[in-house]
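Observations on the model geometry
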Amino acid sequence: MGSPKVCLTLTAPTIEEDLELLNRYRNKIDIAELRVDHLLPDERLHVRKFPGLAGLPCILTIRRQIDGGQFVEGEAARTILFARALSFAEEDKTKNFEYVDFEEDFHIPSLEDATLAFGTKIIRSVHDMKNPIININDRLASLNKSGYEIPKIAFMPHSLDDVRNLFEQASLLKDSNHILIAMGALGTPTRILGSKLKNYLTYTSTPETLTNTKNIAHIDVITLNDTYHIKQISENTKIFGITGWPLSGTSSPTLHNTGYEKHSLDAVYIPICAEKFSQAMDFAECIGVKGLSVTVPHKEEVLNSNVVIDETVAEIGASNTLVKHENDWVAFNTDAEGFQKSLLEFTGLKNLKRKKVAIIGAGGAARAIAYAVHKLKGDACVFNRTLSKAKKLAEQFNFKYSILNQEAAGMLKKYSDIIIQTTSKGMHSTDEPNQENDPLFFYDFSGKEMVFDIIYMPETTPIMKRAKNAGCKVCNGFDMLRYQGYKQFELYTGVEY
């Protein structure tokens, strides 16, 4: 089975704007879905002409609010709109809607007869915007009683286990005459791995209208094509990914997928959002993941799972990389190597001898950084809000430790040659530095400190901004991400990035 068709969902308020967007991304798609429920009332009167203007297969959809749409005028008005859009069929079928989306409970015999007569295919859909649908195969059968329709199931998963169930049940299906979607961030794999679900099509939005589908987490058409290379994914494509929670704004898919394209590898790297690490592992086993990057908050949990632990991982106490070797998962840590290389480039040093280093935080990333600082002969102090965690990490490498609050200002002054920020504070923040986004809000920079924040989004975090304004040399975590990612790529593929 080939890759699913790519369907661009159009949600602009006017037909003219929808056509402009369609023409902008025409070379990246196969089908356009006109969401009539997003059109202004006057625009809805002209829907019939859309397929002829679009010049490619079109889906007619008028989605009710209960199913995640914008249409509120009632079923009588919606039926009239459907009839108006489907009537007066042209002999040239390219000027008619090729598909129409009718919900599970929408049965108007005259409209259904008209679609059969005009050669318009019915997508028979069910949407649950709040809960998962578990009995997938039974629901598919009930949706396609006539055998002529394309059944579609879209639901909101509560956990990654619900998405895994979708893939497990799809593996039993023989054909590709269906559309299966898990919505929201948890369901992202279903958008990318439609070929594994044997999906007829996958939906995408334009970057300009992505906010209109924010609640169901469409991937924009550029990312779907240029990052994930959706049309090249088949059932034989090797799958790699990154797991964490909430896993927002990761750049790892771009790094890894660019590498696969560069080396002509049949592989794809996807986000796998999992609240529990065990759910990520179960999902990875289900869909056949070959390698998994691990980020916050699961890096330490890896050691409590059934994996083979590399000696560096054992010493650090955290892992950010899992590789499947035959029947075993083997845990590695590439954070330490990536951090070490980027830190030495940033500071211009060969090692950290005679340098006083402050490590802010004591989580999984801090463990790798403490390990690297120790290897580089630095004298460090670990600062953390939970003193017991700081103590545990510091004692492992014979470092000092301190609580992270206003009382730590004096200790910070003693360990301020290099300050390494490892917490998530400031991630995605565009605000001015404050107590919520700056872990050292109480500390006055002298301008002599070098500040390394492992966060890379935003490019300048609040603590970096404040330090830079005081005259400090600052660095974000992008190069660390890049270097650790290159090492992961090599572990996954056996090829240097």
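Presented here is a report on the structure given in the accompanying data block. (Residues numbered from 1 in each chain as written. Predicted model: local features only at pLDDT ≥ 70, side-chain atom pairs only at ≥ 80, totals over all residues. Heavy atoms only, no water.)

Considering the overall build of the protein
Note the following rule: The way it works is that DSSP assigns letters per residue, a run of H or I at least four long becomes a helix, a run of E at least two long becomes a strand, and they are numbered from the N terminus. Residues count as neighbours in contact if any of their non-hydrogen atoms are within 4.5 Å of one another. A 1.4 Å probe and the Shrake-Rupley method give the accessible areas. Residues count as covered only by the protein chains that appear here. When charges are counted, Lys and Arg contribute as positive and Asp and Glu as negative, whereas His and the chain ends are disregarded. Working definition for charges: the position is that of NZ of Lys, CZ of Arg, CG of Asp or CD of Glu.
Each helix and strand in the protein was counted, giving 17 helices and 20 strands. For the protein, the C-alpha atoms occupy an extent of roughly 85 × 50 × 35 Å along the three principal directions. Sequence separation of at least 24 residues holds for 68% of the intrachain contacts in the protein that already meet a minimum separation of 6. Total accessible area on the protein stands at roughly 21400 Å², and carbon and sulfur atoms take up 48% of it. Separation of charge centres in the protein, based on 57 positive and 63 negative side chains, amounts to 6 Å.

A closer look at the nonpolar core
Worth spelling out the cut-off: Nine residue types can take part in a nonpolar core, namely buried Ala, Val, Leu, Ile, Met, Phe, Trp, Tyr and Cys, and a core is a set of them joined through side-chain atoms within 4.5 Å. Per-residue accessibility, obtained with a 1.4 Å probe over protein chains only, is compared with the maximum for each type, and a residue is labelled buried under 20%, exposed over 50%, and partly exposed between these values.
In this structure, Phe 50, Leu 60 and Leu 322 are the most contacted members of the largest nonpolar core, which totals 89 residues. With 34 residues, the next largest nonpolar core counts Phe 339, Ala 366, Ala 368 and Phe 397 among its residues.

Things to note about the packing of helix H9 (residues 252-262) against helix H17 (residues 478-493)
To be explicit about the condition: To get an axis, fit a line to the C-alpha atoms, keeping to the stretch in contact for a helix; angles then go from 0 to 180 degrees between the N-to-C directions. Roughly parallel covers angles under 35 degrees, roughly antiparallel covers those over 145, roughly perpendicular covers 65 to 115, and oblique covers all other angles. Each crossing gets its handedness from the near helix: less than a right angle anticlockwise from the far helix is left-handed, clockwise is right-handed. Side-chain classes follow a simple rule in which Ala, Val, Leu, Ile, Met, Phe, Trp, Tyr, Cys and Pro form the nonpolar group, Asp, Glu, Lys and Arg form the charged group, and the remainder, Gly included, forms the polar group.
Close contact between H9 and H17 brings their axes to 10 Å; oriented N to C, the two are set at 45 degrees. By the criterion of interaxial angle, the relationship of H9 to H17 is oblique. Between H9 and H17 the crossing geometry is right-handed. Here Ser 252, Leu 255, His 256, Gly 259 and Tyr 260 of H9 come into contact with H17, specifically with Leu 481, Arg 482, Gly 485, Tyr 486, Gln 488, Phe 489, Tyr 492 and Thr 493. When the residues that make up the contact of H9 with H17 are grouped by side-chain class, the tally is six nonpolar, six polar and one charged.

Thoughts on the sheet that holds strand E5 (residues 121-128)
Spelled out, the test is: When DSSP finds two or more bridges between two strands, those strands count as paired.
Read from one edge of the open sheet, eight strands run E7-E6-E5-E4-E3-E2-E1-E8, paired in parallel fashion. Strands at the two margins of the open sheet, each flanked by one partner only, are strand E7 (179-182) and strand E8 (201-205). Across the sheet, the mean angle from the axis of one strand to that of its neighbour is 25 degrees, orientation sign disregarded. Pairing of strand E2 (residues 31-35) with strand E3 (residues 58-61) involves four bridges; the strand directions are parallel. In the sheet register, Glu 33 faces E3, and the bridge partner there is Ile 59. Each of strand E1 (5-10) and E2 touches helix H1 (residues 15-24); the most contacted strand, E1, lies at about 150 degrees to it. Seen against the sheet, helix H5 (residues 136-143) touches E5, strand E6 (150-155) and E7 and runs at an angle of roughly 135 degrees to E6.

Digging into the packing of aromatic side chains
To keep things clear, this is the line we draw: The pairing test for Phe, Tyr and Trp rings, Trp by its six-membered ring, is centres within 6.5 Å, and the orientation test on the planes gives stacked under 30 degrees, edge-to-face over 60, and tilted for anything in between. Definition used: whenever NZ (Lys) or CZ (Arg) falls within 6 Å of the ring centre and also within 35 degrees of the ring normal, the charge is taken to sit over that ring.
The tally for this structure, following the rule as stated, stands at 17 aromatic pairs. With a centroid separation of 6.0 Å and 65 degrees between ring planes, the pair formed by Phe 346 and Phe 452 is classed as edge-to-face. Note that Phe 346 is positioned in helix H12 (residues 335-347) and Phe 452 in strand E19 (residues 450-453), a separation of 106 residues in sequence. With centroids separated by 5.5 Å and ring planes inclined at 85 degrees, the aromatic side chains of Phe 441 and Phe 442 adopt a geometry described as edge-to-face. A residue is classified by how much of its surface remains accessible, and Phe 442, at 14% relative accessible area, is buried. Clustering of aromatic rings is evident, with ring pairs tying together Phe 240, Tyr 260, Tyr 483, Tyr 486, Phe 489, Tyr 492 and Tyr 497. It is Arg 78 that lies over the ring of Phe 106; its NZ or CZ is 4.9 Å from the centre.

Topic: the pattern of salt bridges
Put simply, the rule reads: A pairing counts as a salt bridge when a side-chain nitrogen of Lys or Arg comes within 4 Å of a carboxyl oxygen of Asp or Glu.
Counted according to the given criterion, the structure contains 27 salt bridges. A salt bridge links Glu 208 to Arg 24; its shortest N-O distance comes to 2.6 Å. Here Glu 208 is found in the loop between E8 and helix H8 (221-227), whereas its partner Arg 24 is found in helix H1, with 184 residues between them in sequence. Given a relative accessible area of 46%, Arg 24 falls into the partly exposed group. We note a salt bridge from Arg 78 to Glu 103, for which the minimum N-O separation is 2.9 Å. Residue Arg 78 is located in helix H3 (residues 75-86), and its partner Glu 103 is located in strand E4 (residues 99-103); the two are separated by 25 residues in the primary sequence. Judged by relative accessible area, which is 0%, Arg 78 ranks as buried. Take Glu 103: its relative accessible area is 1%, and that puts it in the buried class. Linked by salt bridges that have partners in common, Arg 63, Arg 64, Asp 67, Glu 75, Arg 78, Asp 101, Glu 103, Asp 105 and Lys 152 make up one network.

A look at the side chain of Asn 225
Stated precisely, the cut-off is as follows: In protein, a polar contact means a hydrogen-donor-capable atom and an acceptor-capable atom, both N or O and within 3.5 Å, with residues adjacent in sequence counting only if both atoms are side-chain atoms; elsewhere, any N or O pair within 3.5 Å suffices.
By the secondary structure assignment, Asn 225 is in helix H8. Take Asn 225: its relative accessible area is 13%, and that puts it in the buried class. Polar contacts involving the side chain of Asn 225 include one to the main-chain carbonyl oxygen of Val 221, which spans 2.9 Å. Asn 225 has contacts with Lys 28, Ile 230 and Lys 231, leaving out every residue within four places of it along the chain.

Re the environment of Phe 346
A residue is classified by how much of its surface remains accessible, and Phe 346, at 8% relative accessible area, is buried. Considered as a pair, Phe 346 and Leu 111 are 235 residues apart in the sequence and their alpha carbons are 67 Å apart. Beyond its immediate chain neighbours, meaning those up to four positions away, Phe 346 contacts Met 450, Val 451, Phe 452, Lys 473, Val 474 and Cys 475.

Quick look at the pairing of strand E13 (residues 321-325)
Alignment of strand E11 (residues 289-294) against E13, held across three bridges, turns out to be antiparallel. Bridge pairing in E13 links Gly 291 to Val 323. Note that E13 and strand E14 (residues 328-332) share five bridges and pair antiparallel. Considered in E14, the bridge of Lys 324 is made with Trp 329. Between E13 and E14, which pair antiparallel one after the other, the connecting turn spans two residues, and Glu 326 there sits at a positive phi close to 55 degrees.

Let's talk about unusual backbone geometry
Cis rather than trans, the peptide bond between Trp 245 and Pro 246 has omega equal to 5 degrees. Relative to the helices and strands, Pro 246 is located in the loop between strand E9 (238-244) and H9. The step from Met 457 to Pro 458 runs through a cis peptide bond, and the omega angle for that step is 10 degrees. On the secondary structure map, Pro 458 appears in the loop between E19 and helix H16 (462-469).

Regarding H9
Taken together, the buried positions of H9 are occupied by Ser 252, Pro 253, Leu 255, His 256, Asn 257, Gly 259 and Tyr 260. Lining the buried residues of H9 we find H8, E9, strand E10 (267-273), E11 and H17. Taken from the residues just after H9, Ser 264 is the one with a positive phi, measuring 55 degrees.

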